[in-house]
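Here's the letter readout for the chains.
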Amino acid sequence: MLIREAQSKDLRAILDIMNEAILNTTSMYAYEVHTEATIRQWLIKKQSDKMPVFVCETNTKVVAYSSFDTFRTCDAYKFSVENSIYVHQDFQGRGIGTQLLSTLIERAKKDGYHTMIAGIDASNAGSYHFHQQLGFHEVGRMRDVGYKFGKWLELIFMQLMLS
């Protein structure tokens, strides 16, 4: 297993992982799949904003990606980031998410961030417990803030203090 910074050659694999989550889960609250053009712009913006994107490679195949971005756009949030971690469904439960989140946490500390937030759909018990195991604590719930697959979704916020 190799964790490294994402490169343009990884975009197709990231796109496939992202679109699978959009189409089949409530991990992402989006309805529309992304295109190669939108994912390319996404990576360019991440790089220009100095926000990391990491991938996990197994046998030269990208099977997961992670990133963080500013929690909110107002200036006072500049020391808070929100993480995203997506592992291809065939590679879940192998410790890949733990390696990616640990890498994100170390990078956030190195970059001087104070706290990391995770927004998790309440039906995603696996993600909730995964974040808990890495030190995140639940700090709030918002009922019926999303709507997907014909049902209302509850969003849980979890937080890890970095400093």
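Residues numbered from 1 in each chain as written. Predicted model: local features only at pLDDT ≥ 70, side-chain atom pairs only at ≥ 80, totals over all residues. Heavy atoms only, no water.

1. Some points on the side chain of Thr26
Operational definition: In this text, helices come from DSSP runs of H or I with a minimum length of four residues, and strands from runs of E with a minimum of two, each type numbered from the N-terminal end. Only protein chains enter the accessibility calculation, which uses a 1.4 Å probe; a residue is then buried when its area is under 20% of its type maximum, exposed when over 50%, and partly exposed in between. Pairs of N or O atoms within 3.5 Å make up the polar contacts considered here, provided that, within protein, one atom can donate a hydrogen while the other can accept it, and that residues adjacent in sequence are counted only when both atoms are side-chain atoms. What makes two residues a contact is simply this: any of their non-hydrogen atoms within 4.5 Å.
By secondary structure assignment, the location of Thr26 is in the loop between helix H1 (11-24) and helix H2 (36-48). Residue Thr26 is classed as buried on the basis of its relative accessible area, which comes to 10%. A polar atom in the side chain of Thr26 sits 3.3 Å from the side chain of Ser123. Beyond its immediate stretch of four places on either side in the chain, Thr26 contacts Asp121, Ser123, Phe149 and Leu153.

2. Let's talk about the sheet that holds strand S4 (residues 80-87)
Test applied: A pair of strands is treated as paired once DSSP finds two or more bridges between them. Interaxial angle, 0 to 180 degrees, is taken between N-to-C directions of lines fitted to C-alpha atoms, where a helix line uses only the stretch in contact.
In spatial order, the strands read S1-S2-S3-S4-S5-S7-S6; together these 7 strands make up an open sheet with mixed pairing. With one partner strand each, in any of the chains shown, strand S1 (2-5) and strand S6 (137-148) form the two edges of the open sheet. Between one strand axis and the next, the sheet turns by 25° as a mean value, whatever way the strands run. As judged from the 8 bridges shared by S6 and strand S7 (residues 151-161), these two strands associate in the antiparallel manner. Within S7, the residue paired with Gly140 across the bridge is Phe157.

3. Description of the packing of aromatic side chains
The criterion, for reference: The aromatic pairing rule takes the rings of Phe, Tyr and Trp, using the six-membered ring of Trp, and pairs them if the centres are within 6.5 Å, calling planes under 30 degrees apart stacked, those over 60 edge-to-face and the rest tilted.
With the rule as written, the count across this model stands at 6 aromatic pairs. Pairing Trp42 with Tyr65 gives two aromatic rings, centres 5.9 Å apart and planes at 80°, and the pair type is edge-to-face. Highlighted residues: Trp42 in helix H2 and Tyr65 in strand S3 (residues 61-70), separated in sequence by 23 residues. A relative accessible area of 2% means that Tyr65 is categorised as buried.

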